[in-house]
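Secondary and tertiary structure notes
Each chain is listed here by its residues.
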Amino acid sequence: MLRLHPYIYHRPADLDAALELLDRHAGDVLPIAGGTDLVPNMKHKLFTPGHLVALSRLDELKGIEVVDQRLRVGAAESLHAISGHPAILEHVPALATACSEVSSPQLRRMGTIGGNICLDTRCTYYNQTLFWRKALGYCLKKDGEICHVVPGGTRCVAAHSADTPPVLMSLDASVEIAGTAGVRTLPVSNLFTSDGIWNRRMESNEVLVAVHIPLPEPGLRMSFQKLRPRASIDFPLLNLAVAARMDDEGLVTELRMAMSALGSYPRRVGKVEEAAVGNPLTPSVIDAVAEQAFRQCHPLENIIVDTDWRRAMVPVLVRRALKEIAA
Amino acid sequence: MSSRYFGARIRRNEDEALLTGRATFVDDVQLPGTLHAAFVRSDLAHGLLRGVDAAAALERPGVMGVFTAADLGEYWQPGPLLVPPAPIEGLTFHARTQVPLAREKVRHVGEPIAVVVAESRYVAEDAVEDVIVDLEPLEAVADVRAALAEGAPVIHEDLGSNLAAHAVQTKGDYDAARATADLVLGRDFTYDRGVSAAMENRGVLAQWDERSAQLTVWDTTQAPIPIRNGLASMLGLSESQVRVVAPFIGGGFGPKIMMFYPDEVLLPWISMRLDRPVKWIEDRFENFFSTTQERGQLHEAEIALSSDGRILGVKDVFVHDTGAYDPYGLTLPINTQCTLLGPYDVPNYYSEFRVAFTNRPIVTPIRGAGRQQGVFIMERLLDLGARELGLDRAEIRRRNFLSPDAFPHDHEILFQDFAPLVYDSGDYEPALDKAIELIGYEPEGPVQSEPGGASPAEDGGEGTDGEDGEGSSRRKRLRGTGIVSYIEGTGIGPYEGARVRVEASGKVCLVTGVGTQGQGHFTSFAQIVADQLGVGVTDVRVVTGDTREFHWGTGTFASRGAVVAGNACHAAAVAVREKILRKASEILEVAEEDLMLTEGVVRVQGVPDLSIGLGELALRSNPLRGAVEPGTEPGLEATSYFGPRRGATASGVHAMVVSVDPETAMVEIERYVVVHDCGTVINPLIVEGQIHGGVAHGIGNAFYEELDCDSEGQLHNASFMDYLLPTATDVPPIRTAHIETPSPLNPLGIKGVGEAGAIPVAALFAQAVEDALKEWAPGLEVRDIPLSPNRLFALIEEARAGGGEEGA
Ligand SMILES: Cc1cc2nc3c(=O)[nH]c(=O)nc-3n(C[C@H](O)[C@H](O)[C@H](O)COP(=O)(O)OP(=O)(O)OC[C@H]3O[C@@H](n4cnc5c(N)ncnc54)[C@H](O)[C@@H]3O)c2cc1C
Ligand code: SF4
């Protein structure tokens, strides 16, 4: 039977109190929002903090509103609330799509966008019970010294598996992070690192307060694509967000593309602008962009599904996104 | 007899309790003072057990005991061989059955080594981690082919190899038939294993009561009576001292009739030793190791056809993976062997199988029980044969169907019940015609999207809109239709019984020995009895799965509940009806022929004032004082048994339309049709429910569920996060139609239906997907199950590169 370790659950009244608790128990504490990622991971003994600090009731982390040409989304807003919010649907429909395609209705009501951005990376050899991990031998990411995915590897390549970060990257969003030292803002594109063990530039006692998305100028088109085996529940095997702008003649003036679920962090796909900007989205231009994206992706066997298939799906999703945008 | 309920589409008596959460499952039984068990399990697939050190665990507060094989003494015995092999000539068979706790060796991951008992499950689980197990790793063999290879590590050393069985069954002369054939087509096929994934895992609660010297065991078993009998004999108790209750059960599907699981043997023993109730509820992770699994087989098959598509003969040589032990004998491979023949006239047949032990969890039947594999092989051979001969897929089946006057039809080989494989009745063409009509199958080939060649992503093709929420752009999807036939041997013996009693309230109590796991027995059995006794269906209280209520029986398996227990209910109800009329005729002084039994009252035809209620009759049949005629039995009660001579053969045709996204290899089922013949139908609503559940099960097996086991016997996806079950979004609405060819083997004419939905789905998937891709990926052949988008993608790539022609 999977069971939780003993811990103290704190329910602070405001952000300051939360930060104070996180600081006081530093090293033995984690924030918890919806718990849809953290609780299963604790049951697998991947995290065993002595203290949990609940974020879901903090007013500072709530609200979806437009301020100063920015859309501010509180980190504790649920994926369900975001996917149906009029301001989101109006300004950043791709974010609504991404939120609505995360897991299942129950989990979307519990799960938050903050938790989605801070989601732990996933791997066949990691998201397993203690019994199993012990049987097979621990790995770098937790308790061990080797990597089962890349034999001889010294770096963890567990898969970043969250659906909203690629969209946020394609929209040039940033995150507001609070710590006892104060508040800082970081573009989502700079938030992640390639270290699959802890892939974000955030300390475990910092709190992600809100996401800020610059209001897209009219004319920005966007698309979110996700590959998963079943039409519900499954984590992405590959996901992709594209934002593009076209002039009156239909020539691309701007193209931003981000992708995830293959490696340990979501990435902007480079060099696609060169192939597209100044051109109309004709099938051959689309193919050129797709080919460019394909060349940049090299999935590893961090999940059970075949890497060849996942890689082959990169250009397919790119083409689909661009066609949607061109339509 | 008026038939108000039999055949009626009525709602289930049990649903109110189930839907409002008031039904009692094993874990709902809470007894004061209960202790909780947790198992120390092997984390190696193969190893020598050098020692177990439980000292630290025993010191943990709340731990009441840790038991190993050594502690069991004489009580340690391998489990029974549940099904001795059928008397096939020249057969080799080695029984090696599971043990309560590993003694010298572990043979699969998850095999229990020790059991910890504590005040709570939490404490017990913590203490499991305190137990130090000294296991010396041995080379493991997880693959069935590798297990039979020369030099493979031997799992049961005394056998000298991993061969558990070898058998050949033949009919006619295949080689001679082959020599005259216009087309001989051979292929290799694999069918991989999966779990049964019942919603409720297994669980046992054992309570020994010292004062009354009574043992009560609540168990999620499909066979409470055999469990009672076995426990009594193992524990040296009288059967009257042991009561086994199988209350509501959240799905059985076969693994819950395996006997005895280690927990079933150990908990009663521990309860007697500690004089406290002991409970164990399996968790989902354990379920992937400690509950039996099924379906791993490798086939090399060949069909000999005439140019007009007639089957001249079939040859099939296969290997069956039985896992670490083989308590179920040869039931599975024999089912495969027999079911392969399907509804067809196969004059010559050569079937040979070998069964191999592997370092994987034990294999016993799961819904379909070996039949899936047989149907898959035969249907694939027919599809590929039809393709080769330029024949229509439905037509090749039609040409080979047994004709309606061929029954009873003797296939000249032995079935799993040791009886010759004889089909009782059937009429296959009407089902095919009906399915063709319902699915809209066009003989020359189904509606097809534009042929491939160009990029499939071009918009505006004839494909349908993508509907999977991945965007609104028009996307090409290729449509294909599949249509397959199958038969299912159901309703086998030996027997079941039922007791029907009219109570003083006028209500009826019906007791039977079978257990029930969601099949609707509380309703279908009540329908059978209500019609005989002229009472409302809700006035019949059905009691199942409690050995105190009924002493005799075997269990719920092989789609036999309705056939065997149903007919016993019928016979008992007929006997009670006779008693009612006899008694009423005495009291009312009217001839029996003039009596009618309706709405719980016996009335006299034409004399509206003269009547007597069933309750009053029941009271008068059980006088408290006075004298009765010598030999009079009290009450309005009767007990009857039914045992068919052999199984009844159900059959059906499944058809579906899929659309395949040729770029991603994602498959969507657009329509699904089942035309089914399970003899006379007691309740169409229940039959459809059984079929729907079965189809969902089959869809999982065909396209989603796969155990990812490595060569060391370690499973990589022991959770529902990674072992993908079909969800509501993946199972389409299913249209059903019934054909009724009553079975002559039982008075009610019933055939079983519990497994039917699951049996032909993989064969259907394969055909429909090939049809959809026939132009985009010419020559693509589906030979391995399960399929998944990434497997299908690889097949598409291979076929488009020209590799699909190989082996033709
Ligand atoms: C069956 C299943 C399917 C799933 N499918 C998907 C899927 O398809 N796509 C997908 O993207 N996700 C999926 N998830 C993961 C998860 O449900 C979502 O990503 C969800 O948004 C996580 O949010 P949460 O609030 O529940 O996070 P939590 O579990 O509360 O937290 C996750 C991590 O983030 C940290 N954290 C949370 N909030 C903050 C904050 N404000 N500041 C700092 N740190 C914080 C926590 O400490 C923890 O380490 C799935 C989960 C399950 C169980
Ligand atoms: S990628 Fe390697 S180190 Fe990282 S979780 Fe997987 S096995 Fe462990």
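Source: prediction; values computed, not measured.

The predicted coordinates of low-pLDDT regions are not to be read in fine detail. Residues and elements named next belong to chain B. On average, residues of chain B score 91 in pLDDT, and 95% of them reach the 70 mark or higher. Below pLDDT 50 for its whole length, residues 445-474 participates in 58 contacts with residues either more than four positions away or in separate chains. Of the two predicted TM-score estimates for the complex, the pTM is 0.93 and the ipTM is 0.92.

Residues and elements named next belong to chain B. Along the polypeptide, Phe357 turns up in strand E16 (residues 349-357). Looking at Phe357, the number of C-beta atoms within 10 Å reads 31, which means it is buried. The spacing of Phe357 and Asp326 is 31 residues in sequence and 7.9 Å in space, taken between C-alpha atoms. Those residues in contact with Phe357 that sit more than four places away from it in its chain are Arg96, Ala147, Ile155, His156, Asn162, Ala164, Thr322 and Ala324.

Moving on: the site of ligand 1. Around ligand 1, a shell composed of 34 residues is seen, among which Gly34, Gly111, Gly114, Gly115 and Cys118 of chain A lie nearest. With respect to ligand 1, its neighbouring residues span chains A and B. Elements that contribute at least two residues to the shell around ligand 1 include exactly strand E2 (29-32), helix H2 (38-43), helix H6 (105-110), helix H7 (113-117) and strand E8 (207-214) of chain A. Here the shell around ligand 1 is built from residues that sort into 21 nonpolar, ten polar and three charged.

Take the sheet that holds strand E26 (residues 636-642) of chain B next. All names here are of chain B. Taken together, the four strands give an open sheet; going across it, the order is E22-E21-E20-E26, and neighbouring strands pair in mixed fashion. At either margin of the open sheet sits one strand with a lone partner, and together these are strand E22 (540-543) and E26. Taken over all neighbouring pairs, the strand axes of this sheet differ in orientation by 15° on average, direction set aside. By the bridge criterion, seven bridges tie strand E20 (residues 496-502) to E26 in an arrangement that is antiparallel. Each bridged residue has a counterpart across the sheet, and for Arg499 the counterpart in E26 is Thr639. The strands that helix H14 (residues 521-533) touches are E20, strand E21 (508-512) and E22; relative to E22, the one it contacts most, it runs at about 135°.

This brings us to the interface of chain A and chain B. Listed as interface residues are 33 residues of chain A and, on the opposing side, 33 residues of chain B. The set of elements that each furnish at least two residues to the side of chain A that touches chain B consists of helix H8 (130-136), strand E9 (220-227) and helix H13 (307-326) of chain A. At eight residues, H13 of chain A tops the list of elements feeding residues into the side of chain A that touches chain B. A breakdown of the residues in the side of chain A that touches chain B according to their chemical character gives 17 nonpolar, six polar and ten charged.

Time to look at the nonpolar core. All names here are of chain B. Among the nonpolar cores identified, the biggest contains 352 residues, and Val116, Leu510, Val529, Cys569 and Val769 are the most heavily contacted of them. Among the elements that line this core, the one with the most residues is helix H15 (residues 561-588), at 13 residues. With near-sequence residues (within four places) excluded, Leu510 lies in contact with Ala498, Val500, Phe525, Ala526, Val529, Val540, Arg541, Val542, Val543 and Cys569.

Regular strands place their side chains on alternate faces of the sheet. All names here are of chain B. Bridge count between strand E11 (residues 214-219) and strand E12 (residues 242-245): four bridges; the pairing is parallel. Opposite Leu215, over in E12, you have Val242 as the bridge partner. Remark: the E11/helix H7 (residues 224-235)/E12 crossover connection has right-handed handedness.

This part takes up helix H19 (residues 789-800) of chain B. With twelve residues, H19 of chain B should cover 16 Å at 1.5 Å per step; its first-to-last C-alpha distance of 16 Å lies within 8% of that length. By the burial criterion, the buried members of H19 of chain B are Pro789, Asn790, Leu792, Phe793, Leu795, Ile796 and Ala799 of chain B. Next to the buried residues of H19 of chain B lie H13 of chain A together with helix H18 (761-772) of chain B. Positive backbone phi, at 95°, marks Gly802 of chain B, one or two positions downstream of H19 of chain B.

The rules we used
Residues numbered from 1 in each chain as written. Chains lettered and ligands numbered in written order. Predicted model: local features only at pLDDT ≥ 70, side-chain atom pairs only at ≥ 80, totals over all residues. pLDDT = per-residue confidence, 0-100. Contact = placed C-beta atoms within 7 Å. Helix = DSSP H or I, 4+ residues; strand = E, 2+ residues; numbered from the N terminus. Buried ≥ 20, exposed ≤ 12 C-beta atoms within 10 Å, placed from the backbone. Near = placed C-beta within 6 Å. Nonpolar A, V, L, I, M, F, W, Y, C, P; charged D, E, K, R; others polar. Pairing = 2+ DSSP bridges. Axes fitted to C-alpha atoms, helices over the stretch in contact; angles between N-to-C directions. Core = buried A, V, L, I, M, F, W, Y, C linked by C-beta atoms within 7 Å. Right-handed = clockwise from strand over helix to strand, strands pointing away. Expected span 1.5 Å × (residues − 1).

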